[in-house]
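Survey of secondary and tertiary structure
Here is how the chains run, residue by residue.
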Amino acid sequence: MHHKKIAFGLLAALASLASAEDKSDVHQLTEKTFDDFVKANPLVLAEFFAPWCGHCKALAPEYEEAATSLKEKSIKLAKIDCTEEADLCKKHGVEGYPTLKVFRGLEIVSPYNGPRKAAGITSYMVKQSLPAVSSLTKSTLEEFKTADDVVLVAYIAADDKASNETFTSVAEKLRDNYLFGGVNDAAVAEAEGVKFPSIVLYKSFDEGKNTFTEKFDLETIEKFAKTSATPLIGEVGPETYASYMSAGIPLAYIFAETKEERDSLSKDLKPVAEKYKGKINFATINAKEFGAHAQNVNLRTDIFPAFAIHETRKNLKFPFDQEQKITKEAIAKFADDYSAGKIEPNVKSEPIPEKQDGPVTIIVAKNYEKIVLDDDKDVLVEFYAPWCGHCKSLAPKYDQLGEAYGKSEFKDKVVIAKVDATSNDVPDDITGYPTIKLFPAGAKDAPVAFNGAREVKDLIKFIEENGKYKASVPFEEEKATEDAAPAASEKEETAEKDVEDHDEL
């Protein structure tokens, strides 16, 4: 009898699982069903995943929720288990998990570059489903204005070909970020308080809308969109960090541990943020969750609230004295002094090594320019983090690369170097570890990023193809390497885990 209860219990659990899968709005595809499914649906977001992948597991409930909300819009979400469908995943160039791609049939495929939360996925895919610019009328305008947190509507005469083409170009470029609409009815424009040609950015925060009436120039409109779409004092987190980094203007961090503190500081510093809107972005950051990020802007991680300005383009840090209280008056003066160039950047650097005995040259902030910007040498630099598992895996191979060039005829022309980018301020844009760049002799302002397999032979080929001296050296592999796809898959999973484990954004 006891065994029958166990059997019935198992059957019930399996039935429940099957029922849950049947109710799922995410379509599980295989090599046999994939092509037909994509052909039958005009817009599909496909997730290529592995069951063991931690980030795939974290994405699953968000992906499911997005699939349900997009169902009524006829936008399909699908998933492919790459441990079961290896050939299909290889065919679509999957190198890491999860990989998400947008399919408009089998011929038009683009990478998914949006957030990984349900609301963000839904918003991104709705944008993908619409034309770059939606044609609007008096009856459709009101609903469109609130269709997303940020929408841009151009009010342009139908026969103004130049302005229409310029706005469409901006829309094509930024369609992943915002919704774009167009109105050709002068009466509707007048009702909105604008004249032809102009653009109104409607938003669900701050002052509600901003109006653009300058000359229709692609770069000017793009700058207007990005500036106006950024909250006066937003919040830095995993979903917003990349957009702040790519905004092209300095970011002022307001670190605080509680929501009450963040709200209070936002209210106090609002006049300062208003004064520097479009010149400095202001944003709060949850110090309880992401306090470790303070060290990346040269702040201590044990004193909050804290404030710092990060000049993202040059990676310069200007921390506010943590012994001082953060007040409107103090931060206003700090921002004024920073803007006037009266504050020197705070440079974090390890000591310059007394000797360079190893096969790989050690770079710190204080010797960075001397080594990397030596115009007579091709310099390959690995930007690493001590806690990064894949940096540790690369280390012996990178040493072999250094030894190969150190014994060659190019030993005085090619430098193999590395820098701990968590302990030294470097002027480069580093978004993950390890990052490898070649700074060719005579072209130091145009470094070349390495995106190939992290094997010695591949690195040699990269230096040969991109360096001034076309330096190739002989090298024999000591042992067979693993298959490229599993290595790449492991790479993304572990790299992301490293970031999360250290409260990085």
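Just so it is clear, the model here is predicted, and its values are computed rather than measured.

The geometry of an aromatic ring pair is captured by the separation of the ring centres together with the interplanar angle, meaning the angle of the planes. All told, the structure shown has 17 aromatic pairs when counted by the stated rule. Taking the centre distance of 5.4 Å and the plane angle of 85 degrees together, the rings of Phe320 and Phe334 count as edge-to-face. With Phe320 in the loop between β15 (316-319) and α13 (328-339) and Phe334 in helix α13, the pair connects residues that are 14 residues apart, well separated along the chain. Relative accessible area serves as the criterion here: at 5%, Phe320 is assigned to the buried category. For Phe334, a relative accessible area of 10% gives the class buried.

As enumerated under the stated definition, the model contains one disulfide in all. Linked covalently through their sulfurs, Cys82 and Cys89 form a disulfide whose S-S length is 2.1 Å. An S-S torsion of about -90 degrees defines the bridge between Cys82 and Cys89 as left-handed. Take Cys82 and Cys89: they sit in the same class, and that class is buried.

Computed from the structure, the second largest pocket encloses a volume of approximately 400 Å³. Looking at the lining of the second largest pocket element by element, the count peaks at four residues for helix α9 (residues 218-229).

In this section: the confidence of the model for the protein chain. Summary statistics for the protein chain give a mean pLDDT of 88 and a share of 90% for residues scoring 70 or more. Below a pLDDT of 50 lies the segment residues 1-21, which in the model reaches zero contacts outside its immediate sequence neighbourhood of four places, other chains included. In the model, residues 479-504 has pLDDT below 50 throughout and makes 43 contacts with residues more than four positions away in sequence or in other chains.

The next subject is α9. Its twelve residues place the ends of α9 16 Å apart at the C-alpha level, agreeing with the 16 Å of an ideal helix rising 1.5 Å per residue. If you check which residues of α9 are buried, you get Ile221, Glu222, Phe224, Ala225, Ser228 and Ala229. Along the long axis of α9, the arc covered by the buried residues comes to 160 degrees, so they all point the same way. Exposed residues pointing more than 90 degrees away from the buried face of α9 are listed as Glu219 and Lys223. Here the buried face of α9 lies against β7 (150-155), α7 (161-174), β9 (198-203) and β10 (209-212). The distance from a side-chain oxygen at the start of α9 to the backbone nitrogen of Glu219 is 3.3 Å, and the residue carrying that oxygen is Asp217.

Okay, the environment of Ala308 next. When you line up the elements, Ala308 lands in strand β14 (residues 306-311). For Ala308, a relative accessible area of 0% translates into the label buried. When the C-alpha positions of Ala308 and Pro319 are compared, they lie 4.1 Å apart, and in sequence the two are eleven residues distant. Not counting residues within four places of it along the chain, the set of residues in contact with Ala308 comprises Leu251, Ala252, Tyr253, Val297, Leu299, Phe318, Pro319 and Phe320.

In this section: the pairing of strand β13 (residues 281-286). The buried fraction of β13 is high, at six of six residues. Sheet topology places strand β11 (residues 233-236) next to β13; four bridges connect them, and they run parallel. Following the sheet pairing, Glu235 is matched in β13 by Thr284. Here six bridges tie strand β12 (residues 251-256) to β13, and the two strands are oriented parallel to one another. Among the inter-strand pairings, Ala256 is bridged to a residue of β13, identified as Asn286.

Turning next to the sheet that holds strand β18 (residues 414-420). Ordered by their spatial adjacency, five strands build an open sheet running β16-β18-β17-β19-β20, and the pairing between neighbours is mixed. Where the open sheet ends on each side, the last strands, each with one partner, are β16 (361-363) and β20 (448-449). Where strand β17 (residues 378-384) meets strand β19 (residues 435-439), five bridges bridge the pair, whose relative direction is antiparallel. Residue pairing in the sheet places Glu382 in a bridge with Ile436 of β19. On top of the sheet, helix α16 (residues 456-466) reaches β17, β18, β19 and β20; it is set at about 30 degrees to β19, its chief contact.

Attention shifts here to the nonpolar core. Core analysis: the largest hydrophobic core is formed by 22 residues, its most contacted members being Phe282, Phe307, Ile309 and Ile331. Of all the elements in the fold, those that place two or more residues in this core are β12, α11 (259-275), β14 and α13. Apart from the residues within four sequence positions on either side, Phe282 is in contact with Pro231, Leu232, Ile233, Gly234, Tyr244, Ala252, Ile254, Val272, Ala273, Tyr276, Phe307 and Ile331. Counting residues in hydrophobic clusters, the runner-up holds 21 residues, among them Leu401, Ile416, Ile436 and Ile463.

Quick look at the pairing of β7 now. When you tally the buried positions in β7, you get six out of six residues, the bulk of the element. Of the two faces of β7, the one lined by Val150, Leu152 and Ala154 and the one lined by Val151, Val153 and Tyr155 are each fully buried. Here β7 pairs with β9 via six bridges, running antiparallel. Counterpart to Val151 in the pairing with β9 is Tyr202.

Rules used throughout
- Residues numbered from 1 in each chain as written.
- Predicted model: local features only at pLDDT ≥ 70, side-chain atom pairs only at ≥ 80, totals over all residues.
- Heavy atoms only, no water.
- Phe/Tyr/Trp six-rings, centres within 6.5 Å; stacked < 30°, edge-to-face > 60°.
- Helix = DSSP H or I, 4+ residues; strand = E, 2+ residues; numbered from the N terminus.
- Buried < 20%, exposed > 50% of the residue type's maximum accessible area, 1.4 Å probe, protein only.
- Disulfide = S-S within 2.5 Å.
- 1 Å grid on protein atoms, 1.4 Å probe; cavity = no way out; pocket = protein on both sides within 12 Å on 5 of 7 lines; lining within 4 Å.
- Points joined across faces, edges and corners; volume = space filled by probe spheres on them.
- pLDDT = per-residue confidence, 0-100.
- Contact = heavy atoms within 4.5 Å.
- Expected span 1.5 Å × (residues − 1).
- Arc of directions from axis to C-beta.
- Polar contact = N/O pair within 3.5 Å; in protein donor to acceptor, adjacent residues only side chain to side chain.
- Pairing = 2+ DSSP bridges.
- Axes fitted to C-alpha atoms, helices over the stretch in contact; angles between N-to-C directions.
- Core = buried A, V, L, I, M, F, W, Y, C linked by side-chain atoms within 4.5 Å.

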